[in-house]
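Descriptive analysis of the structure
If you want the building blocks of each chain, they are given just below.
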Amino acid sequence: MTALLELEEVRCGYGPTSVLHGVSLSVPDGGIVSLLGANGAGKTTTLRAITGGVPWTGEIRFAGQSLRHKPTEDIVRGGIAHVPEGRGILTELTVDENLRLGEHTRKDRAGVRKDYDRVFEYFPVLRERRKLSASTLSGGEQQMLAVGRALLMSPRLMLLDEPSLGLAPIVVRSIFEIIRTINEADHVAVLLVEQNARLALEISTQAYVLEVGRIAVHGASADLKGNDSVRRSYLGY
Amino acid sequence: MQEFIQQVVSGIASGGIFASLALALVLIYNAMGLVNFAQGEMAMFATFIAYTLISHGVNYFIAFPLTLGLAFIGGVLIERAVIRPVERAPVLTLVIVTLGLATLINGAAGFLFGYTPNYFSSPFSAHTVNILGAFASYQDLSVIAVSGIVLVAIYLLLQRTTLGLTLRAAAHHPEASRLLGVRVSWMLALGWGLASAVGAVSGIMVAPILLLEPNMMQTIIIYAFAAAVLGGIDSPLGAVVGGLIVGVTVNLVGAYVVGGDLELAVALAIIIGVLVIKPNGLFGRAAARNV
């Protein structure tokens, strides 16, 4: 498999504070890669660098094209759906309006209709709540809305920032099942940032562990899961 | 009773004018959390453009939409040229910039068009029509109709179109909207363009009642502030309702209680009263802040 997304020696920070000290990683086309690490290790910052939310040096390539100096709007229109920390739900708008924002840049109306069917098949609750304000959704439903909206962007790559945060285990299970389905059925690659390492290693094929702005460990998810010392030192379970 | 109804009707007409300008204020406030102190001057300048077109023989009903189009373009250009460079600056900086803009536009209008008041004729006669025993002038009725059409058009644009959806999204959640491919910076410029056009409606409507000169909008903007604050500064619907309430209240209190000279004081009393008693206005969202 060829790399869909590649980061080479990416450094960045907020003002004088440096957060990433040279991060290199790659996501294969159609693969699921998890990015693990403690709070403050730089996981969210890595995702924000990819979609142009923070200035960076080094190199980031998506589908062979450098993302340097590209504005966020163009990067996401180019096929990267980023579900940010806190889910990025527009709570002043209805569920339907949130979904429409996901597909508003697309021209293929037939494809959009098919994707709506798919989203409502994965998350039937969203169809029931279409007319309601997104602020009335529970945390799990908001996460479903965020993932469904990302799917409507028809992306080649999804960046998911802690989809399990604050959700009941059973809800997390079902959302992860659907992430796996989206990956397999819709051939969408996923870069998954998670604190819940056990779950992330189950769903992903490759994993990276970030430690204060550097990649400390990289390998096949199955190997990391089986490696006791890695597990104890970095993954905390 | 008849006179009372007539006062209410002409209050609604003034209210429509205030509502248009208040809506312009709300559009920009929503987009960037900023009260645009230049809104009235922008409307005044647009009215001079309409006046110039009409006095060069252009039909009123062509000059009107043409002016709104030009006002829209002017609003976009002002945002690109003046606001964009300070987009990320603190609000106080932006406020000072809009105050400077107000002075600049006022001076430019004086320089280009002079300070002599101009009579701006309306195609609608001041004759009255008898509606159920009360008399209303065609002019008041036309102001109500035009304001109503503009406000409904803006409502439909914001609520029923994809462009309106992205405008609202960009206004409420710029970061999240950017991640969905919304061109937030352009949405700000479009917001300025829309506000400028809506504000121009108020200028063109009020010019036949007052006289057209560079300081024409300086009292109107106070009424518009009162309307916007009363409605809740971030609510388009609130701006419309607030405009109508302010228009009718000021007219009635002016006619029956304090007299015409103190009408502006009534508007200021409304502003202060709302800020003290109900700072979020009638339709505003409670301001939440993380501490």
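Scope of this entry: the structure provided in the associated data block.

Calculation notes
- Residues numbered from 1 in each chain as written.
- Chains lettered and ligands numbered in written order.
- Predicted model: local features only at pLDDT ≥ 70, side-chain atom pairs only at ≥ 80, totals over all residues.
- Heavy atoms only, no water.
- Helix = DSSP H or I, 4+ residues; strand = E, 2+ residues; numbered from the N terminus.
- Buried < 20%, exposed > 50% of the residue type's maximum accessible area, 1.4 Å probe, protein only.
- Contact = heavy atoms within 4.5 Å.
- Lys, Arg positive; Asp, Glu negative; His and termini not counted.
- Charge placed at Lys NZ, Arg CZ, Asp CG, Glu CD.
- Salt bridge = Lys/Arg side-chain N within 4 Å of Asp/Glu carboxyl O.
- Polar contact = N/O pair within 3.5 Å; in protein donor to acceptor, adjacent residues only side chain to side chain.
- Nonpolar A, V, L, I, M, F, W, Y, C, P; charged D, E, K, R; others polar.
- Phe/Tyr/Trp six-rings, centres within 6.5 Å; stacked < 30°, edge-to-face > 60°.
- Pairing = 2+ DSSP bridges.
- Expected span 1.5 Å × (residues − 1).
- Patch = residues over 30% accessible without salt bridge, like charges linked within 9 Å, V, L, I, M, F, W, Y side chains within 5 Å.
- Areas by Shrake-Rupley, 256 points an atom, 1.4 Å probe, with all protein chains shown as cover.

1. Re the overall build of chain A
Summing up its helical and strand segments, chain A has 10 helices and 10 strands in all. Expressed as lengths along the three principal axes of its C-alpha atoms, the size of chain A is roughly 45 × 40 × 35 Å. A burial count over chain A gives 54% of its 237 residues as buried. The long-range fraction of contacts in chain A, counting pairs at least 24 apart against all pairs at least 6 apart in sequence, stands at 67%. A gap of 2 Å separates the mean positions of the 28 positive and 28 negative side-chain charges of chain A.

2. Here's the deal with the interface of chain B and chain A
Every contact between the two is made by 19 residues of chain B and, on the other side, 22 residues of chain A. Counting the contacts that link chain B with chain A gives 2 salt bridges. The partner of Glu97 of chain A in a salt bridge is Arg168 of chain B, with the nearest N and O atoms 2.8 Å apart. Between chain B and chain A we count 4 residue pairs in polar contact (both at pLDDT 80 or more) in total. Put simply, the parts of the chain that give the side of chain B that touches chain A at least two residues each are helix H6 (162-172) and helix H7 (174-178) of chain B. No other element matches H6 of chain B, which puts 6 residues into the side of chain B that touches chain A. Residues that form the side of chain B that touches chain A fall into these classes: 7 nonpolar, 8 polar and 4 charged.

3. A word on the packing of aromatic side chains
Residue and element names in this part refer to chain A. Inspection of the entire model under this criterion finds 12 aromatic pairs over all chains. Aromatic pair Tyr122 and Phe123: ring centres 6.4 Å apart, planes at 75°, arrangement edge-to-face. Its relative accessible area of 13% is what places Tyr122 among the buried residues. The buried category is assigned to Phe123, whose relative accessible area is 2%.

4. Details of the pairing of strand S9 (residues 206-211) of chain A
All names here are of chain A. The pairing of strand S3 (residues 32-37) with S9 spans 5 bridges and is parallel. Following the sheet pairing, Gly37 is matched in S9 by Leu210. As defined by bridge partners, S9 adjoins strand S10 (residues 214-220) across 6 bridges and the pair is classed as antiparallel. Bridge assignment links Gln206 to a residue of S10, and that residue is Ala220. Linking two consecutive strands that pair antiparallel, namely S9 and S10, is a turn of 2 residues; a positive phi of about 30° is found at Val212 within it.

5. Quick word on helix H8 (residues 184-206) of chain B
With 23 residues, H8 of chain B should reach 33 Å at 1.5 Å per residue; the first-to-last C-alpha distance of 33 Å fits that figure. Here H8 of chain B lies mainly inside the structure; 21 of its 23 residues are buried.

6. Regarding a nonpolar patch on the surface
All names here are of chain B. A grouping of Met1, Phe4, Ile5, Tyr256, Val257, Val258 and Leu262 is seen on the molecular surface, where their side chains present a nonpolar patch of about 690 Å² in accessible area. Within the residue set of the nonpolar patch, elements represented by two or more residues are helix H1 (2-32) and helix H10 (236-258). No other element matches H10, which puts 3 residues into the nonpolar patch. Checked against the element boundaries, Val257 lands in helix H10.

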